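Chain by chain, the residues:
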Amino acid sequence: MYAYIGSRTTRERNARGEGITVYKVDQEKGTLELVQVVKDLVNPSFLALNKAGDRLYTVHGDKSDVSAFSVDKATGKLTFINQQSTEGKNPVHLALDPSERFLVVSNHIGGSLAVLNVAQDGSLGSINQLLKLEGPLGPHRVEQPFSKPHFNPFDHSGNFVLVPDKGLDRVFSFRFDNGKLFPAEQPFVTTREGAGPRHIALHPNAAFAYVVNELDSTVTAYRFDTQTGALKPQQVLPSLPATYTGNSRASEIEIDRSGRFLYASNRGYDSVAVFAIDEGTGLLSPVEFVATEGKTPRFFTLTPNERYLFALNEDSDTIISMKVDPKKGGLSKTGFSVSTGSPVCMIFSV
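Just so you know, these numbers come straight off a predicted model, no measurement behind them.

S.K.: Teacher, can you tell me more about the side chain of His-93 here?
M.R.: Residue position: His-93 is located in strand S8 (residues 89-96). A distance of 2.9 Å separates the side chain of His-93 from the backbone nitrogen of Asn-152, its partner in a polar contact. The contacts of His-93, once residues within four sequence positions are left out, are Phe-46, Val-59, Val-104, Val-105, Ser-106, His-150, Phe-151, Asn-152 and Pro-153.

Rendered as structure tokens:
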């Protein structure tokens, strides 16, 4: 199994990354072994793989482009295919539709969603749709000057695309049909003012969804209507311990396959928060907050076997592994750490 690490690379980002780094993963030990560094790429941040694991796509942060690569499944190595414009600025997330004929991208600056055509050979084609997001701005004078979509995953059915918008304090719901996005019956849900919704995680086997709110460091639990795409909030709780009094920004969110535990990362109080999920109600209760032994864990992810969690410390240039307690969801340090410049995303090809 191989892992692909996206990174920040530019001076404007005060970055030290070189590009996309490829590692061989030992899932039994929670360790990484370097295979390849694909250099001369500008901020290849968020990554996505197709289902076959032989095509990889990346956005280029602060630019206006997305790139496609072929994957040698035997060696894990990448080969560039082509690049296309998203017709926006600073693309931050991307997701293939179930047919893998289209790629949806969030343009963080300028507030738009781009749908790109994907050819049979995996190469990126022209823009099929460019959709502007609109609404009243949030109250944060610096962080909410315009619409800022930050994430655009498909739901489990592939019928809906859910889009947290940090600038508008909204989570949008779109129906996806033949390469086009259409507002759902309930087109959005509004968060608390100044929450800054960033990423969303869908429960694997129940009608619940969870949004991590960057600006006020909270997690909101929603009921998710799988027929209409509507979100109904039912709980908000902090991603930080009550004793922490400093500044922090929440970042990533993920649920384990069993649907029993939820994880969220904090930047400032550099840690991963662990929550238990009530199987009946979907409500959360805190379990623990575990330091990531580095600065700014912008991203983390569970390994496919869910024995380990890798935390990516963007500002201290490290990736560490933590062992996952399968019964309680808690995390414990393994002592493993690898140095890599400004890591911001990690995905696995099995």
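S.K.: For this particular structure, what's the right way to read the side chain of Arg-267?
M.R.: Assignment of secondary structure puts Arg-267 in strand S20 (residues 261-267). Of the residues examined, Arg-267 reaches a relative accessible area of 13% and is grouped as buried. A polar contact of 3.4 Å, which involves the side chain of Arg-267, links it to the backbone oxygen of Ala-250. Sequence-distant contacts of Arg-267, defined by excluding residues within four places in its chain, comprise Arg-198, Glu-214, Ser-248, Arg-249, Ala-250, Ser-251, Thr-296, Pro-297 and Arg-298.

S.K.: Mind showing me how you'd approach the nonpolar core here?
M.R.: Most often, soluble globular proteins keep nonpolar side chains buried together rather than apart. Judged by nonpolar contacts, the single largest core of 54 residues is most densely connected at Tyr-4, Leu-32, Leu-56, Leu-78, Leu-94, Leu-103 and Met-346. Ranked by size, the runner-up nonpolar core spans 16 residues in total, among them Val-212, Ile-253, Ile-277 and Leu-284.

S.K.: Would you explain the pattern of salt bridges in this entry?
M.R.: Oppositely charged side chains can pair when the atoms bearing their charge come close. Applying the stated criterion across every chain yields a total of 15 salt bridges. Glu-143 serves as the salt-bridge partner of Lys-166, at 3.2 Å between the closest nitrogen and oxygen. Of this pair, Lys-166 sits in the loop between strand S12 (160-165) and strand S13 (170-177) while Glu-143 sits in the loop between strand S11 (124-132) and S12; the two residues are 23 residues apart in sequence, bridging distant segments of the chain. Overall, the relative accessible area of 17% leaves Glu-143 in the buried class. Between Glu-214 and Arg-249 there is a salt bridge; the shortest N-O distance is 3.5 Å. Highlighted residues: Glu-214 in the loop between strand S16 (208-213) and strand S17 (218-224) and Arg-249 in strand S19 (residues 249-255), separated in sequence by 35 residues. Here the residues in one salt-bridge network are Glu-143, Lys-148, Lys-166, Arg-198, Glu-214, Arg-249 and Arg-267, joined through shared partners.

S.K.: How should the packing of aromatic side chains be read in this particular structure?
M.R.: One pair of aromatic rings is described through two measures. These are the centre distance and the angle between the planes. Scanning the model with the defined rule gives ten aromatic pairs in all. Geometrically, the ring pair formed by Phe-102 and Phe-176 is edge-to-face, given 6.1 Å between the ring centres and 70° between the ring planes. With Phe-102 in strand S9 (residues 102-109) and Phe-176 in strand S13, this pair connects stretches of sequence that are 74 residues apart. Accessibility classification places Phe-102 together with Phe-176 in one group, the buried group. Taking the ring centre of Phe-188 as reference, the NZ or CZ of Arg-170 above it sits at 3.6 Å.

S.K.: Just checking my understanding: could you explain the sheet that holds strand S15 (residues 197-202) for this structure?
M.R.: Sheets are built from strands paired through backbone hydrogen bonds, the pairs being either parallel or antiparallel. On the basis of which strands lie adjacent, the open sheet formed by four strands has the order S15-S16-S17-S18 and antiparallel pairing. Where the open sheet ends on each side, the last strands, each with one partner, are S15 and strand S18 (231-238). Looking at each pair of strands side by side, their axes are set apart by 25° on average, direction ignored. The pairing of S16 with S17 spans six bridges and is antiparallel. Across the sheet, residue Phe-208 finds its bridge partner in S17, namely Arg-223.

S.K.: Would you explain the sheet that holds S8 in this entry?
M.R.: Taken in spatial order, the four strands make up an open sheet running S8-S9-S10-S11, and their pairing is antiparallel. Edge positions in the open sheet fall to S8 and S11, since each of these has one partner strand only. Averaged over all adjacent pairs, the angle separating strand axes in this sheet is 25°, with direction ignored. Across six bridges, the pairing between S9 and strand S10 (residues 112-118) is antiparallel. Considered in S10, the bridge of Ser-106 is made with Leu-113.

The rules behind each value
- Along each chain, the written sequence defines residue order, and numbers are assigned to residues from 1.
- In keeping with the model being predicted, local features are shown solely for residues with a pLDDT of at least 70 and side-chain atom pairs are shown and tallied solely at 80 or more, while totals for entire chains, interfaces and linings include all residues.
- For the side-chain quantities, the full set of heavy atoms in the structure was used; hydrogens and water were omitted.
- Segments assigned H or I by DSSP are reported as helices when at least four residues long, segments assigned E as strands when at least two residues long, and all are numbered from the N terminus.
- Think of a polar contact as two N or O atoms within 3.5 Å of one another; within protein, one of them needs to be a possible hydrogen donor and the other a possible acceptor, and neighboring residues in sequence only count if both atoms come from side chains.
- Two residues form a contact once any of their heavy atoms are found within 4.5 Å.
- Throughout this description, buried means an accessible area under 20% of the type-specific maximum (1.4 Å probe, protein chains only), exposed means over 50%, and partly exposed covers the range between.
- We call a set of buried Ala, Val, Leu, Ile, Met, Phe, Trp, Tyr and Cys residues a nonpolar core when their side-chain atoms join them within 4.5 Å.
- We define a salt bridge as a contact between a side-chain nitrogen of Lys or Arg and a carboxyl oxygen of Asp or Glu at a distance within 4 Å.
- Stacked, tilted and edge-to-face pairs are distinguished by plane angle, under 30 degrees for stacked and over 60 for edge-to-face with tilted covering the rest, among Phe, Tyr and Trp rings (Trp via its six-membered ring) whose centres lie within 6.5 Å.
- Charge over a ring is defined by NZ of Lys or CZ of Arg lying within 6 Å of the ring centre and within 35 degrees of the ring normal.
- Two strands are said to pair when DSSP picks up at least two bridges between them.
- The angle between two axes is taken between their N-to-C directions and runs from 0 to 180 degrees, where each axis is a line fitted to C-alpha atoms and a helix contributes only its stretch in contact.

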